[in-house]
Structures are given as C-alpha cells and as structure tokens.
2 protein chains.
Amino acid sequence: MTAETIFVGTELLLGNIVNTNAAYLAEQMAVMGFPMFYQTTVGDNAERLEGCIRQALDRSDLVILSGGLGPTQDDITKETAAKVMGKELLLNEDAKKQIEAYFAKKGKTMAENNLKQAMMPKDSMMLENTNGTAPGVIMEQDGKILVLLPGPPEELNLMFERSVVPYLQSKVSQVIYSAMVKVCGMSESDVAQQLDDLIRSAGDVTVAPYAKIGEVHLRVTAKAEDEKQAKKLVKPVIKDIKARLGDAVYTTHEEISLEQSVVDLLLANNLTVTTVESCTGGLLAGRLINVPGVSEIFKMGHITYSNKAKRKIVGVKRKTLEKYGAVSGQVVKEMVGGVLQITRADVAVSVSGVAGPDGGTPEKPVGLVYIACSVCGTVTVQECHFSGTRRKIRESAVAAALVLMRRCIMAYCSKVTFGENK
Amino acid sequence: MTAETIFVGTELLLGNIVNTNAAYLAEQMAVMGFPMFYQTTVGDNAERLEGCIRQALDRSDLVILSGGLGPTQDDITKETAAKVMGKELLLNEDAKKQIEAYFAKKGKTMAENNLKQAMMPKDSMMLENTNGTAPGVIMEQDGKILVLLPGPPEELNLMFERSVVPYLQSKVSQVIYSAMVKVCGMSESDVAQQLDDLIRSAGDVTVAPYAKIGEVHLRVTAKAEDEKQAKKLVKPVIKDIKARLGDAVYTTHEEISLEQSVVDLLLANNLTVTTVESCTGGLLAGRLINVPGVSEIFKMGHITYSNKAKRKIVGVKRKTLEKYGAVSGQVVKEMVGGVLQITRADVAVSVSGVAGPDGGTPEKPVGLVYIACSVCGTVTVQECHFSGTRRKIRESAVAAALVLMRRCIMAYCSKVTFGENK
C-alpha cells in the first residue's frame, strides 16, 4: 500500500513557516511500512488542490492531506477533497458538540463560522481534535483512502497518533514494530561504517540513521504477522548494534533525550551536578534543565564569560590565564575545581572555547573547545574541534559536554561497583 | 514568470531530515516576485524524478531543484535534468579545477568519483560551490529555466545568494526590493489587526507577517522599474508600520536578532549586564552570548535553580520564599537585587517560573513566569502567562525577558536624555 502526502497552505509557498509536518508524517509512514514516493505542497486554491488530490489518488493508495481545515473561507481542503471523492458535506452533530466543548473549555462561545468545521463528508470517519477546533476526516472510496488532518503540528501529531495509527494498522495485514537506538559520541560516518551491512540490508529488519548534533539516532523497524513476531525480529538487531557500538548507545527509548539520560544517570547514582560555562554561556545548564525533575540533582550553575569572572567567581588563577589562555585544558580544570569550592556537588562540568566568528588564532582556531568534568574528585579534560557557525559550535560543545559527563559518570560508577574507588 | 521547486532525496521521503530548503527558496522566490504554486519532493529514482521535472516544466517557467548532485551513483539529478532538457553531459575543466581546489584547501586529494561532479550539461551555466564539491547548474531551453542546486542548506543558501539571485534579477524586467521589519512584545494577531489593510493590500507593496516565539517579522516588498523606485515605494510603508507599532519595532535590518538589538542598546549606552535565572536555567544568558562581541558588556551570569541557591548565591530571603513562593514578583525582585551585590552591572535580569509539566497549582499554574529587570537602580517586574510544552514556555520566557530588558533600557535612556534621572 503506497502513501503520499499533500500539504495545503499559501504560507508554505511563501516560506512563512518550515514544513515540519512533512518529516513527521514521512517518518510515521516509514515506521508503519507504507512506501512513499512523493510529497506535494500546494496553496489554498481549489483548482490546483483538486489537481493535486486527483494525481495523488491516481498513483498512490493512501493520501494524507494536512492544512486548510480552518473556519475561514480560505480553508478549502475538506470541500475540495469531498468533491473529488464524490461525497456531499453534512452537518455532523458529534463534530458540532466537540467544537462547542472545545470553546466551552476555553471559556469562549463558538463563533458562527466554526460551524463550517462541523460539516463532514457523507460516510466518512470523523477524527477528534483535542488540541484545536478542526476535526480530521478519513474517507474511503474504490480502495483508496484519503485522510485529512489539521495543519498545526501539535494538533496533527496528537490526532495522527490517537486516531490514524490505529486505523492504518487495521488496514495492513502485517504489523510494523519499530524501536529507536540513540548513539552519542560517534560521528554519523563512523556509525554508518560500523553498521554498513545492517543499514544496507533489504531484509525483514531495516536500520535507518538520523544525524543530530553530537548524536546519531537509529530507527530499527521490522514487519511481521503480529507484534510479538516483529519484536522478536527487532531484538537481536538491537543486541547486535549494542554489541558493535558498546557504550555509545545511550538509550533504546524513543522519548529519552541525551540530557535526560545524563540526568537519569545522576539520579540513579544519587549524584548532584553543577556547571560553569564560558563560550556555551548557560546553554549546557539550560539543556539539563529541560529535564523535568532535574531539581533533585541540579541546584545552581555559573556563567563565567570574562576572564575576570573566571577569577572572581571560580578562582581561576591569573597566572594560569596568562600562561595558557582562557581556552585551555588548565583553565577548564581550574574552573571545575573552583566551582566545587562554592557548591559541594558530586559532579562539576566546565566549558571554555573559541565560538567565533572572531577571536581565532593559528594556535587556537575558531571551534577549539575544552571541557572538564569532575566526578567525585576525578577530573577528565577533553579537547574538541568543531566547525560551523557560532551557534553550531556552541551547540556541538554542549552535546560534547553531555557525552563527556555520561562517560565520566559511568566510569566512576563501574569503579565504585568493583571497589576500586572510594 | 511562475516558479516551482523540486526537492530530491529519499532521506526527505523517510523523514530523516526536515526540509528547510523549501521554506528558504519559497521566501526567496516571494521576495523576488516569482509566484509559486507547487513544491514537490521525490526520491532518488530516475523515472519518478523525470516525471516530476517534466510536469514542473510544463506548468511553470522556472524550476529549481535541490539535492542529488553528490558524487555517488544514487545522485541522479543532473543526469535526469540534462536528459529532460535534451543536453549531453561533458567534462567541464573549470568545474574540475574548482573541485580539486576545494579538496586541496581541505588538505585532501580528490577521489575518482568526484569527477562525476565536474560533468556539466552542454550550453549550461556552472555555479561555483564555495562550501562543498557539487557545482550548481542553470539550463535554459525553449523559454524555460532549470536551476540545479546542492542539498546541504549551507551550500544551497550561499550559491543561491551569490549566483542565482543576480541571474534571476537579470531575467525580470522589474526590480524587487524587500526590507524586513522586526517586531517584539506584540502577538501575531495584534500585529495583523493593526496592519490589516497593509497585509491584505494587493498593491505595489506587500507586507507578509512571519510569526516567531515572542516576535513577529514583517517582510515589506515592492516591485518597480529600478531599485531606487522600489526603495521609494517601501520607505513610506515602513514609516507607516513604525508609526502604528511604535517601539515594538526593534529593527529594520534583516540580520539583526532580538538579542543583538538588546546587546547593541547596551553597548551604545555603555551599560553592562548580568543574569540570574531559575526556570530558564541559562538559556537567557546563552542567547545573549549568541551575539559576537557580547564580552564587552556581559561578564557573568548565575543559575539559581533551587531555593537554596537563590538564598545562598543571590541572597533571596528565606521569609520571602516562604511567604510568596519561588515563583513570585517579590523573589525575582530580590534576585536582581542580590546579583547586583555580587557584580556591579548596570542592568540585571532575573527569571523564575513554572515551566511544567508538573509543579503547577491553581494559584500558580504551569506557564506562570515572573521577570524582573533592574536598570541603574530602577526595577521593573513583569508577570507573564505562557502555554505549550516545557521547552516552549522556557523559550517564551527568554524572549519576554529580552523584550522587557529592551523596554526598560530604552525608558532609562530617554529619561537620562531628558534629564529626569541620575
């Protein structure tokens, strides 16, 4: 069963917004095993939209449209799709009630034009929208399926997961199961090289890499007759990936981020943490604080951007700054030492680097970053070289700091477990 | 002259990456005044790609393709496009030299398969790639134009601005000129309401709003016979927008960000700044430090996430925390007071809020954020209510803090100018 997607909205054709729904739906389709060959974007124009829907239905079995379900006259997706499918629009009492309930919850009364959103094509399935007013629609005709979803990502994602996934799963004879393996501290090409045979394999289990800053995510997908069978196919591949990549695999849970895995490690080992940042200027702390519940182990952090702040706040020696410069292994080492004088955290991390675009020298070029991580007295210093814009270099430094923290905490914990330390 | 875009790459159809090139090229086309009705994404498949190119050339005058210009056998865009245009591929010595030079600069030798990238369609124009190895191509045939660009955004953007814009400008009889007006501290709907007639106008000058977190960007575009005339059309509209929105307009320069405008204000008035953050946990400082040259005015910042850190580092009173809670106007006020005891900055900003997803109460719901800004002794406190995920709430708080800083600094400076203060 082949699928394709159509995105409706003049704002997309003007570049006002980036189309993140395209990647979201594409990944969902890939996970569920629907081959997709085309994505199309078209404006709020009935004639051109009709042409796109007809062409898509002609070449694919399943067509998903997103956008143009709003209450205004510009929103024409439902009307156009119903016309192509030869279905008239009728007032749907359930849809009306849901829209009224949505407004009531917000303490507002429904405007007259929202009634347009309660009109549904005859013999169609209504999809509840818990995040907005536009219900979704599924229509079937002559073996073809047309799915209409709202444009705002928070409405589309929830509706897709709650209503469309179960519907589509009932349509396929095979069950698709996919798991995510997240890898840190390895480049995409290193991961691809180590897993070359798995990524290239066209067997029952597919492995697809997704590159992120400082990370590579691997989606492992299997098709089988039932979920149990599919899981059974995926399991040894994950085991194989873990065996090949070792500790670089930080989670096999889709929802766990790198910062979450670091915070989880800290919580599990009852370790508190503090940060002292120069070039990243708070972004490392900011990312750790993304994790709900971090307050258990993160109490405070410092941003020492100037040399004076490095001296005054965390006691970096003037001599060290003069001899080695602010971007040096010696300075980041003194930064963690100094911050541990202020707060008795178990783990301390410091970052200092040349983020650019100016300030680089032949000895210390833009992109040179030093990171130090102290875990219960053992300090590890790492030198990194990044490229790209100021923003990219800073984000890469934050990711590298998280990777280093993870590595140092794990090393400490394994030593403690084997009685080598403390 | 109508335009459309085609994006080539199986990674887009699998959702491995978000297609930011689509929005970039769409905005560029809109700015240059080429109406665009379609965007298509297709995989690395010669037959389907050929179909897409033929359809696009059939309905549009200018077709821009992105992706599939790499050195591997999977990269088939140039070969397919040349076939459609009826042009043979020939080795281009200039292209070969440029690719060799690119590798030499990186200290590497060119691999044999990179020679594929030096093959150019007969009678085509080669576009230099200064950020990678794949040259771009422009082909003309029977009044139609086909432009081939590399997929990586940093290569595409630079090539587009350097080579494609001048080429396309030579093709249109009218000159397009556009300016950007950036607005902060107003919602998109407030801006749209105030500028309704300008946004809806179909005259010589168009105004298009682009919503960002805490900001609205307005692109003002005019077509005229020459640039002087176009600028003359744009000027009064910008003046009109400024008159209607007042101080909410923070810049009319495309490249200036909100944090840059705040840093520029600080630099211009010789004011230093410090931050003390709770729920935003370093993101505000992190954003200020995005601006190169910020070291002149930003020396240090603090992250006081726990109540104890608020007491210990910036001296918030235990009594205040007990009576009003950590998320309160009183606490953010004491936070700025306390941080100014540590560092004698002219401006201090503090943030404390409930970022969620847990921790909300009926009195203090998720999304409640307090911000205080002290400028040379005058403290302003603001209460904000945001919605969305933990990440969205924190980013909204950072944007609101920047807006408040800007407003307070401007108020202080105007007072100083008029001799009311100091």
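Since we're looking at a predicted model, the values are computed, not measured.

Definitions and cut-offs
- Residues numbered from 1 in each chain as written.
- Chains lettered and ligands numbered in written order.
- Predicted model: local features only at pLDDT ≥ 70, side-chain atom pairs only at ≥ 80, totals over all residues.
- Heavy atoms only, no water.
- Pairing = 2+ DSSP bridges.
- Helix = DSSP H or I, 4+ residues; strand = E, 2+ residues; numbered from the N terminus.
- Salt bridge = Lys/Arg side-chain N within 4 Å of Asp/Glu carboxyl O.
- Buried < 20%, exposed > 50% of the residue type's maximum accessible area, 1.4 Å probe, protein only.
- Least-squares fit on C-alpha atoms with pLDDT ≥ 70 in both.
- Contact = heavy atoms within 4.5 Å.
- Buried area = accessible area lost by both parts, 1.4 Å probe.
- Polar contact = N/O pair within 3.5 Å; in protein donor to acceptor, adjacent residues only side chain to side chain.
- Core = buried A, V, L, I, M, F, W, Y, C linked by side-chain atoms within 4.5 Å.
- Phe/Tyr/Trp six-rings, centres within 6.5 Å; stacked < 30°, edge-to-face > 60°.
- Patch = residues over 30% accessible without salt bridge, like charges linked within 9 Å, V, L, I, M, F, W, Y side chains within 5 Å.
- Areas by Shrake-Rupley, 256 points an atom, 1.4 Å probe, with all protein chains shown as cover.
- Lys, Arg positive; Asp, Glu negative; His and termini not counted.
- Charge placed at Lys NZ, Arg CZ, Asp CG, Glu CD.
- Bend = angle between axes of the 7 residues up to and from the residue.
- Axes fitted to C-alpha atoms, helices over the stretch in contact; angles between N-to-C directions.
- pLDDT = per-residue confidence, 0-100.
- Parallel < 35°, antiparallel > 145°, perpendicular 65-115°, else oblique.
- Nonpolar A, V, L, I, M, F, W, Y, C, P; charged D, E, K, R; others polar.
- Left-handed = near helix turned anticlockwise from the far one by under 90°.

*Asks:* How would you summarise the pairing of strand 10 (residues 205–212) of chain A if you had to cite specific residues and measurements?
*Replies:* Residue and element names in this part refer to chain A. Here strand 10 pairs with strand 11 (residues 215–224) via eight bridges, running antiparallel. Directly across from A208, in strand 11, lies its bridge partner R219. Connecting strand 10 to the antiparallel partner strand 11 that follows it, the hairpin turn spans two residues, and G214 within it adopts a positive phi of roughly 75 degrees.

*Asks:* Residue-level account of the pattern of salt bridges, with values.
*Replies:* Tallied over the full model, the rule gives 29 salt bridges over all chains. In this structure, the salt-bridge partner of D240 of chain A is R244 of chain A, at a minimum N-O distance of 3.0 Å. One end of the pair, D240 of chain A, and the other, R244 of chain A, are both in helix 9 (residues 227–245), four residues apart, so they sit about a helical turn from each other. Of the charged contacts in the structure, one is a salt bridge between K144 of chain B and D61 of chain B, with a shortest N-O distance of 4.0 Å. Placement of the pair is K144 of chain B in strand 8 (residues 144–149) and D61 of chain B in the loop between helix 3 (46–59) and strand 3 (62–66), with a sequence separation of 83 residues. Among the residues examined, K144 of chain B registers a relative accessible area of 21% and is labelled partly exposed. Looking at D61 of chain B, the relative accessible area reads 26%, which means it is partly exposed. Linked through salt bridges whose partners overlap, the residues forming this network are E27, R219 and E254 of chain A.

*Asks:* Requested: an account of the relation of the copies chain A and chain B, with residues and values cited.
*Replies:* Between chain A and chain B, the superposition needs a rotation of 180 degrees and an axial shift of 0.0 Å, giving an RMSD of 0.1 Å. Given the turn and translation reported, the copies of this chain are related as if by a two-fold rotation axis. In terms of C-alpha distance to the rotation axis, chain A has G282 of chain A as its closest residue, with the C-alpha 1.9 Å off the axis.

*Asks:* Could you give an account of the environment of R394 of chain B, naming the residues involved and the relevant values?
*Replies:* All names here are of chain B. Considering the arrangement of structural elements, one finds R394 in helix 15 (residues 390–417). For R394, a relative accessible area of 1% translates into the label buried. When the C-alpha positions of R394 and A118 are compared, they lie 48 Å apart, and in sequence the two are 276 residues distant.

*Asks:* Tell me about the interface of chain A and chain B, and please be specific about residues and values.
*Replies:* Tallying the contact residues gives 59 residues for chain A and 59 residues for chain B. Where chain A abuts chain B, roughly 4,700 Å² becomes buried across the two surfaces, and 56% of that area is made up of carbon and sulfur atoms. Summed over the shared surface of chain A and chain B, the result is zero salt bridges. Summed over the shared surface of chain A and chain B, the number is 23 residue pairs in polar contact (both at pLDDT 80 or more).

*Asks:* Help me get a handle on the nonpolar core, residues and values and all.
*Replies:* Grouped together as the largest cluster of nonpolar side chains are 88 residues, with contacts concentrated most on I409 of chain A together with I409 of chain B. Once residues lying within four places of it in the same chain are set aside, the contact partners of I409 of chain B are V262, L265, L266, L271, V347 and V375 of chain B. With 27 residues, the next largest nonpolar core counts A81, A95, F103 and M120 of chain A among its residues.

*Asks:* Can you lay out the packing of aromatic side chains for me, pointing to particular residues and giving the numbers?
*Replies:* Counting across every chain of the model gives six aromatic pairs over all chains. Ring plane angle 80 degrees and centroid distance 6.4 Å describe the contact between Y305 of chain A and F298 of chain B, whose orientation is recorded as edge-to-face. In this pair, Y305 of chain A is assigned in the loop between strand 14 (298–304) and helix 12 (307–314) and F298 of chain B in strand 14 (residues 298–304), connecting two distinct chains. When sorted by exposure, Y305 of chain A lands in the same class as F298 of chain B, which is buried. Their ring planes at 80 degrees and their centres at 6.0 Å tell us that Y24 of chain B and F160 of chain B sit as a pair that is edge-to-face.

*Asks:* Talk me through the side chain of H217 of chain B; I want residue IDs and the actual numbers.
*Replies:* Residues and elements named next belong to chain B. One can find H217 in strand 11 (residues 215–224). Judged by relative accessible area, which is 10%, H217 ranks as buried. With sequence-adjacent residues up to four places away left out, H217 is seen in contact with M180, V181, K182, A208, P209, Y210, K212 and Y250.

*Asks:* Run through a positive patch on the surface, naming residues and quoting values.
*Replies:* Residues K299 and R344 of chain A together with K308 and K312 of chain B make up a contiguous surface patch of positive charge. If you trace the backbone, R344 of chain A turns up in the loop between helix 14 (329–342) and strand 15 (347–353).

*Asks:* I'd like a rundown of helix 6 (residues 153–171) of chain A, residues and numbers included.
*Replies:* Residue and element names in this part refer to chain A. Along its length, helix 6 reaches its greatest deviation from straightness, about 45 degrees, at F160. For helix 6, the complete set of buried residues consists of E155, L156, M159, F160, V164, V165, Y167 and L168. Turning to helix 6, the residues buried within the fold contact helix 2 (20–32), strand 3 (62–66), strand 6 (125–127), strand 7 (136–141) and strand 8 (144–149).

*Asks:* So what's going on with the sheet that holds strand 9 (residues 175–184) of chain A? Which residues, and what values?
*Replies:* Pairing between the strands of a sheet comes from backbone hydrogen bonds, and it takes one of two forms, parallel or antiparallel. Residue and element names in this part refer to chain A. Within the open sheet, the four strands sit side by side as 10-11-9-12. Their pairing is antiparallel. Strands with a single pairing partner mark the edges of an open sheet, and in this sheet they are strand 10 and strand 12 (249–251). Adjacent strand axes in the sheet meet at a mean angle of 35 degrees, parallel and antiparallel pairs treated alike.

*Asks:* I'd like a description of unusual backbone geometry, backed by residues and values.
*Replies:* With omega at 0 degrees, the peptide bond leading from G356 of chain A into P357 of chain A counts as cis. Structurally, P357 of chain A is set in the loop between strand 15 and strand 16 (368–375). The backbone phi angle of D142 of chain A is positive, close to 50 degrees, even though this residue is not glycine. Tracing the chain through its elements places D142 of chain A in the loop between strand 7 and strand 8. Positioned with a positive phi, N270 of chain B is a non-glycine residue whose angle comes to about 60 degrees. Counting through the fold element by element, N270 of chain B comes out in the loop between helix 10 (258–268) and strand 13 (273–277). Relative accessible area serves as the criterion here: at 67%, N270 of chain B is assigned to the exposed category.

*Asks:* Give me the sheet that holds strand 8 of chain A: which residues, what numbers.
*Replies:* Read across the sheet, twelve strands follow the order 6(A)-7(A)-8(A)-3(A)-1(A)-2(A)-2(B)-1(B)-3(B)-8(B)-7(B)-6(B) without closing on themselves; strand pairing throughout is mixed. Edge positions in the sheet fall to strand 6 of chain A together with strand 6 (125–127) of chain B, since each has one partner strand and no second. Each neighbouring strand pair of the sheet contributes to a mean axis angle of 15 degrees, computed without reference to strand direction. Against the sheet, helix 6 (residues 153–171) of chain B makes contact with strand 3, strand 6, strand 7 (136–141) and strand 8 of chain B, and its axis sits at roughly 165 degrees relative to strand 8 of chain B, the strand it touches most.

*Asks:* Can you explain the confidence of the model for chain A? Please cite residues and give values.
*Replies:* For chain A, the average pLDDT comes to 92, and 99% of its residues sit at 70 or higher. Predicted complex, confidence summary: ipTM 0.81, pTM 0.82.

*Asks:* Report on the packing of helix 12 (residues 307–314) of chain B against helix 14 (residues 329–342) of chain B, specifying residues and quantitative values.
*Replies:* All names here are of chain B. Where helix 12 meets helix 14, the axes come as close as 8 Å, and the angle between the chain directions of the two elements is 40 degrees. In terms of their interaxial angle, helix 12 and helix 14 are classed as oblique. Between helix 12 and helix 14, the residues in contact are K310, I313 and V314 and V331, E334, M335, G338, V339 and I342, respectively. The class makeup of the residues in the contact of helix 12 with helix 14 is six nonpolar, one polar and two charged.

*Asks:* Go over the packing of helix 3 of chain B against helix 4 (residues 77–85) of chain B with me, naming the residues and quoting the values.
*Replies:* Residues and elements named next belong to chain B. Following both chains from N to C, one finds helix 3 and helix 4 inclined at 50 degrees, their axes separated by 10 Å at the closest point. On the basis of their axis angle, the class for helix 3 and helix 4 is oblique. The hand of the helix 3/helix 4 crossing is right-handed. Judged by residue contacts, A46, L49, E50, I53, R54 and L57 of helix 3 engage T77, T80, A81, K83, V84 and M85 from helix 4.

*Asks:* Could you give an account of the pairing of strand 16 of chain A, with specific residues and numbers?
*Replies:* Side-chain direction in a regular strand flips from residue to residue, so the side chains alternate between the two faces of the sheet. All names here are of chain A. Where burial is concerned, most of strand 16 is hidden: eight out of the eight residues are buried. Neither face of strand 16 is exposed, since L368, Y370, A372 and S374 on one face and V369, I371, C373 and V375 on the opposite face are all buried. Of the strand pairs in this sheet, strand 15 and strand 16 are connected by seven bridges, and their pairing is antiparallel. For S352, the partnering residue across the bridge sits in strand 16 and is Y370. In the sheet, strand 16 pairs with strand 17 (residues 378–385) via eight bridges, with the strands oriented antiparallel. Across the sheet, residue A372 finds its bridge partner in strand 17, namely V381. Connecting the antiparallel pair strand 16 and strand 17 is a turn made up of two residues, with C376 showing a positive phi of about 45 degrees.

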